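Topology and contacts: notes
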Amino acid sequence: MSVIGIDFGNESCYVAAARSGGIETLANDYSLRATPSVVAFDGKKRIIGVAAKNQQVTNMKNTVGGFKRLLGRKFNDPHVQHELTSIPARVEARGDGSIGFKVNYLEEDQHFSPEQLTAMLFTKLKETSAAAMQTQVNDCVIACPIFFTNAERRALLDAAQIAGLNVLRLLNETTATALAYGFYKNDLFEEKPKNVIFIDFGHSALQVSACSFTKGKLKMLASTWDQIGGRDFDLAVAEFFTKEFQERYKINAKTNARANLRLLTEIEKLKKQMSANSTKLPLNIECFLEDIDVSSSMQRSQMEELCAPVLHRVEQTFKRLLAESKLQLDDIHSVEIVGGSSRIPSVKQLIEQVFNKPASTTLNQDEAVSRGAALQCA
Ligand code: ATP
Ligand code: MG
C-alpha cells in the first residue's frame, strides 16, 4: 500500500508518490501527469479530468471546473459570487445557503456541492494512482494554499473523506515546494543558513515565501500572496479581443457562453506561445459566432500592456515579501519559481528587478508541489 501526495490546483492536479528511494510523479489514464480539475456529467456517465475538459465546449451545462476556490463557503459570499462569474455552469443557493451546481445526471436534475465535486476528482486521482502503481491507495497528503481558512481546510478534508482517502496531513503549498527543494539540495546546506525565495504563480493564486535552510532544517521566514493568477492574464486579453471583434465583426462574445469559453481556450494557448516567442502571433477561431470566422493577432509586448495592473500586483506581492522577511538582497541565495504562470517572461523580469537575482528553475515547475507533499509522507 502506498501514500500519495496531491497538488489540487484550480486548473489541474498532480499526484506524486515516494517509490524505491525516489519521488515519482504519476501519470493518469491518458499518460499525462496533469489531470484537469474538471468534473462532467453525461447521461449515466461521470467524466473526470482530461476527458471532462475535452468535452466541456459541447457539454457546458453539465461540466464544472474552478471549484477549488469555492470549498467551505456559502453561495452569498462575495468571493464566491466573484468566482462564479468565470464558471459557465448552472449554480444556485441551496436551502442552507450552500453552493449547489445543477447538472443533469442519471436523467434527472441533481445538485452537487464543491466538496462533492472535489471528492469525485479525488476519487479519480486515487484510482489513476492505484493503476499507475499497481497497488491500493488509501493514505495521502494534500497540499492547499497557505491562505486557506479553517473552513476551507475542513471542506477539503470532507472531500477527501467522501473519496475514501485518509489524509495524513494537509500541507501548505508553499511548504510543499520548500520541502521538494530541500530534498534535492540537502547535501549543500551548512551550519550557516541559506535563504531561498519560492514563488508559486498558478492559475488562480500567487504565493511567495522566504525560507531559511540549514543542514537538515527548514524554517519559514515569511509568506505573502495575492488572489491573482494566469486566468487574470487570459481575462485581460479576452477583454481586448472581445472589443476588437465587436468593432470589426459586430459580434459580442460575452452574449454567448460557448463562444466566450472558446475564446478563453484559444487565448490561453496564445498566452503560452507568447511566453516563448516575442513576435506577433495569430489568433483564429472558425465559426466563432453567427457563423463568422474571426482572426486577429497579438504580440507579447501588447499583452504586457493589457496586463499591467496584474503585473503591478505581482510586483507589490514580491516587495511585501521582501519587507516582511526582513532579508537584505545580499542575504538571498536564490529565487526559485514554480507554477505555470511563472513562465511568463515579464514575471521573471519583475523577479530580477525586485530580488536582484535571475529566476531559478531548480524544481520542476509543475510537479514540485505534489512531490513535496509526497515527501512529507515518505
Ligand atoms: P492554483 O495554484 O492557482 O490553484 P494550478 O496549480 O492549477 O492553480 P498551475 O498548474 O501552476 O495552476 O498553472 C496554470 C496556469 O499557468 C494557467 O493559467 C496556465 O495558462 C498558465 N501557464 C502554463 N504554462 C504557461 C506558459 N508557458 N506561459 C504562460 N502561462 C502558462
Ligand atoms: Mg498550484
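Refer to the preceding data block for the structure.
To start, this report covers the structure provided alongside it. No experiment lies behind these values; they were computed from the predicted model shown. (Residues numbered from 1 in each chain as written. Chains lettered and ligands numbered in written order. Predicted model: local features only at pLDDT ≥ 70, side-chain atom pairs only at ≥ 80, totals over all residues. Heavy atoms only, no water.)

**Points about the sheet that holds strand 5 (residues 38-42)**
- The strand order across the open sheet formed by 3 strands is 6-5-7, and the pairing between neighbours is antiparallel. Every other strand in the sheet has two partners, leaving strand 6 (45-48) and strand 7 (63-65) as the edge strands with one partner each. Recorded for the sheet is a direction-independent mean angle of 15° between the axes of neighbouring strands.
- As paired strands, strand 5 and strand 6 are joined by 4 bridges and run antiparallel to one another. Counterpart to A40 in the pairing with strand 6 is I47.
- Sitting on the sheet, helix 3 (residues 114-133) is in contact with strand 5, strand 6 and strand 7, with an inclination near 95° to strand 5. (Pairing = 2+ DSSP bridges. Helix = DSSP H or I, 4+ residues; strand = E, 2+ residues; numbered from the N terminus. Axes fitted to C-alpha atoms, helices over the stretch in contact; angles between N-to-C directions. Contact = heavy atoms within 4.5 Å.)

**As for the site of ligand 1**
- N10, S204, E268, K271 and S275 are the nearest of the 20 residues found near ligand 1.
- Separating an oxygen atom of ligand 1 from a backbone N or O atom of N10 is a distance of 2.8 Å.
- The contact in question runs from an oxygen atom of ligand 1 to an N or O atom on the backbone of S204, over 2.7 Å.
- Protein chains shield 92% of the accessible area of ligand 1, which is 650 Å² for the free molecule.
- Every element with two or more residues in the shell around ligand 1 is listed here: helix 6 (230-249) and helix 7 (257-276).
- Looking at the shell around ligand 1, the element that brings in the most residues is helix 7, giving 4 residues.
- A class-by-class count of the residues in the shell around ligand 1 yields 2 nonpolar, 11 polar and 7 charged. (Near = heavy atom within 4 Å. Polar contact = N/O pair within 3.5 Å; in protein donor to acceptor, adjacent residues only side chain to side chain. Areas by Shrake-Rupley, 256 points an atom, 1.4 Å probe, with all protein chains shown as cover. Nonpolar A, V, L, I, M, F, W, Y, C, P; charged D, E, K, R; others polar.)

**Observations concerning the packing of aromatic side chains**
- Counted under the stated rule, the structure contains 19 aromatic pairs.
- Following the ring pairs from residue to residue traces out a cluster consisting of F240, F241, F245, Y249 and F288. (Phe/Tyr/Trp six-rings, centres within 6.5 Å; stacked < 30°, edge-to-face > 60°.)

**Some thoughts on helix 6**
- Over its 20 residues, helix 6 extends 28 Å from the first C-alpha to the last, a length consistent with the 28 Å expected when each residue adds 1.5 Å.
- Those residues of helix 6 that sit buried are G230, R231, F233, D234, A236, V237, A238, F241, T242, E244, F245 and Y249.
- Two residues or fewer after helix 6 comes K250, characterised by a positive phi angle close to 60°. (Expected span 1.5 Å × (residues − 1). Buried < 20%, exposed > 50% of the residue type's maximum accessible area, 1.4 Å probe, protein only.)

**Details of the pattern of salt bridges**
- Applying the stated criterion to the full structure yields 15 salt bridges.
- The partner of R73 in a salt bridge is E152, with the nearest N and O atoms 3.3 Å apart. Taken together, the residues R73 in the loop between strand 7 and helix 2 (78-84) and E152 in helix 4 (residues 150-162) connect sequence positions 79 residues apart.
- Take R73: its relative accessible area is 23%, and that puts it in the partly exposed class. (Salt bridge = Lys/Arg side-chain N within 4 Å of Asp/Glu carboxyl O.)

**Things to note about the sheet that holds strand 18 (residues 332-338)**
- The sheet built from 5 strands is open, its strands ordered 15-14-13-18-19 with mixed pairing. Strands at the two margins of the open sheet, each flanked by one partner only, are strand 15 (217-226) and strand 19 (359-360).
- Its contacts with the sheet put helix 9 (residues 308-325) on strand 13 (194-201), strand 14 (206-214), strand 15 and strand 18, and the angle it makes with strand 15 is roughly 145°.
- Here helix 10 (residues 345-355) sits on the sheet in contact with strand 13, strand 18 and strand 19, set at roughly 160° to strand 18.

**A word on the side chain of E83**
- Topologically, E83 is positioned in helix 2.
- The contacts of E83, once residues within four sequence positions are left out, are G66, R69, L70 and R231.

**Concerning the packing of helix 5 (residues 173-185) against helix 11 (residues 368-376)**
- Between helix 5 and helix 11, the least distance of the axes is 7 Å, while the angle of their chain directions is 75°. The orientation of helix 5 with respect to helix 11, classified from their angle, is roughly perpendicular. Contacts between helix 5 and helix 11 involve E173, A176, T177, L179, A180, F183 and Y184 from the first element and A368, V369, R371, G372, A373, L375 and Q376 from the second. (Parallel < 35°, antiparallel > 145°, perpendicular 65-115°, else oblique.)

**Structural notes on the pairing of strand 5**
- Here strand 5 lies mainly inside the structure; 4 of its 5 residues are buried.
- Of the strand pairs in this sheet, strand 5 and strand 7 are connected by 3 bridges, and their pairing is antiparallel. Each residue of the ladder has a partner; that of V39, found in strand 7, is V64.
- Hairpin connection of strand 5 to strand 6: 2 residues between the antiparallel strands, including G43 at a positive phi of 60°.

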